[in-house]
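Spelled out from the first residue to the last, the chains are:
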Amino acid sequence: MLQTVGEMDGSNDSGVSEFLLLGLSESPEQQRVLFWMFLSMYLVTVVGNVLIILAISFDPHLHTPMYFFLANLSFTDLFFVTNTIPKMLVSLQSQNKAISYVGCLTQLYFLVSLVALDNLILATMAYDRYVAICRPLHYTTAMSPGLCVLLLTLCWALSVLYGLTHTLLMTRVTFCGSQKIHYIFCEMYVLLRLSCSNIQVNHTVLIATGSFIFLAPLGFMIMSYVCIVRAILRIPSASSKYKAFSTCASHLAVVSLFYGTLCMVYLQPLQTYSTKDSVATVMYAVVTPMMNPFIYSLRNKDMHGALGRLLLGKAFQRLT
């Protein structure tokens, strides 16, 4: 039975001390399948993103702005899945579905912040590709190491502020009745649906800040790629066109996957948000971070070489 704050220590005004993360299924047989499936996906995600980070860190050929941002994207994805999946795996294995109120808000903070950070880094990577293709003669000065660090710092600052804003607003929300969450983690819309207090402020701030953090970067990326496509079409050589486009293909694929899954969850009114959206949530919270390393390394010769040197060392150099 859930205890109220009055029965405990009065440490918060939410009316609850814990939530129950029920996940995708309450069937023991399905939970065993889900445990091994998510454990496999988590391990693949961790290994893939760690390899990307190590390859970029130790290979001097990859010490460029594009790979600098890619390494930070991999770090964000690694942190993102570690924030959610281990708790879910413990719940599936132990059948203990409870998560404390503080633990839930902590998970929510990192979830919101890291999704925003992912998005901002993708926008920064689009700017890098724009400068590389549309202003190649100015690339070295336009994407200097100092500017790259400044852009990344700005991404982090905005993401932290975004996460803090919504987490602090959530502390004002009162919960009552059933505290069962039919999701794999403490998700913003689900918590707001469980509220029995006025959430108009939360909803308004969510729309306003979401438009700035997500729609503005998306618009910027679209404008960047319009300019990139125009620049590529002006290139006379077909092979040069292909080479220029190939440097953007991985980024475009990741952006499409990120926004496609995110829109499935959040481009709908709060009132229509239901448990059926949990599958879409799994897509952006688990599948996207797992796929990013594969997308960026699948057709990238520089990354192939760096990974080969990292894993095989001198043996790889003799083979090449």
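Residues numbered from 1 in each chain as written. Predicted model: local features only at pLDDT ≥ 70, side-chain atom pairs only at ≥ 80, totals over all residues. Heavy atoms only, no water.

The name given to the protein in an unreviewed UniProt entry is Olfactory receptor, with the source organism recorded as Callorhinus ursinus. Under the UniProt heading Sequence similarities (unreviewed entry), the entry covering the protein gives this text: "Belongs to the G-protein coupled receptor 1 family." UniProt, in the comment section headed Function (unreviewed entry), describes the protein in these words: "Putative odorant or sperm cell receptor." (UniProt positions renumbered as here; feature names shortened; annotations may be inferred.)

*Asks:* Where do I start with a nonpolar patch on the surface in this structure?
*Replies:* A cluster of nonpolar residues, Val50, Leu54, Phe58, Leu310, Leu311 and Leu312, forms a patch on the protein surface that exposes about 540 Å² of accessible area. Elements with a contribution of two residues or more to the nonpolar patch: helix H1 (28–58) and helix H10 (301–312). With respect to the helices and strands, the residue Val50 is situated in helix H1. (Patch = residues over 30% accessible without salt bridge, like charges linked within 9 Å, V, L, I, M, F, W, Y side chains within 5 Å. Areas by Shrake-Rupley, 256 points an atom, 1.4 Å probe, with all protein chains shown as cover. Salt bridge = Lys/Arg side-chain N within 4 Å of Asp/Glu carboxyl O. Helix = DSSP H or I, 4+ residues; strand = E, 2+ residues; numbered from the N terminus.)

*Asks:* For this particular structure, what's the right way to read empty space enclosed by the protein?
*Replies:* One way to see where empty space is left: roll a probe the size of a water molecule over the atoms. Scanning the entire structure with this criterion turns up two cavities of 30 Å³ or more. Considering only enclosed or pocket space, the largest cavity measures out at about 90 Å³ in volume. Along its surface, the largest cavity is lined by 13 residues, and Leu22, Gly23, Leu24, Met88 and Leu92 are the ones closest to its centre. Of all elements in the fold, only H1 and helix H2 (65–94) reach the threshold of two or more residues within the lining of the largest cavity. Considering each element in turn, the lining of the largest cavity owes the most residues, three residues, to H2. In terms of residue class, the lining of the largest cavity is built from nine nonpolar, three polar and one charged. Its volume calculated, the second largest cavity comes out at about 50 Å³. Lining the second largest cavity, in full, are Asp77, Phe80, Leu114, Val115, Asp118, Phe258, Tyr284, Thr288 and Pro289. (1 Å grid on protein atoms, 1.4 Å probe; cavity = no way out; pocket = protein on both sides within 12 Å on 5 of 7 lines; lining within 4 Å. Points joined across faces, edges and corners; volume = space filled by probe spheres on them. Nonpolar A, V, L, I, M, F, W, Y, C, P; charged D, E, K, R; others polar.)

*Asks:* Looking at this structure, I do not really get the pattern of salt bridges. What am I missing?
*Replies:* A side chain with one charge can pair with a side chain of the opposite charge if their charged atoms come near. For the structure on display, the rule yields two salt bridges. With its nearest N and O atoms 2.5 Å apart, the salt bridge here joins Arg309 to Asp59. With Arg309 in helix H10 and Asp59 in the loop between H1 and H2, the pair connects residues that are 250 residues apart, well separated along the chain. On the basis of relative accessibility, which here comes to 30%, the residue Arg309 falls in the partly exposed class. By relative accessible area, Asp59 is classed as buried at 4%. Arg129 is the salt-bridge partner of Asp128, the closest N and O atoms lying 2.8 Å from each other. A residue is classified by how much of its surface remains accessible, and Arg129, at 9% relative accessible area, is buried. (Buried < 20%, exposed > 50% of the residue type's maximum accessible area, 1.4 Å probe, protein only.)

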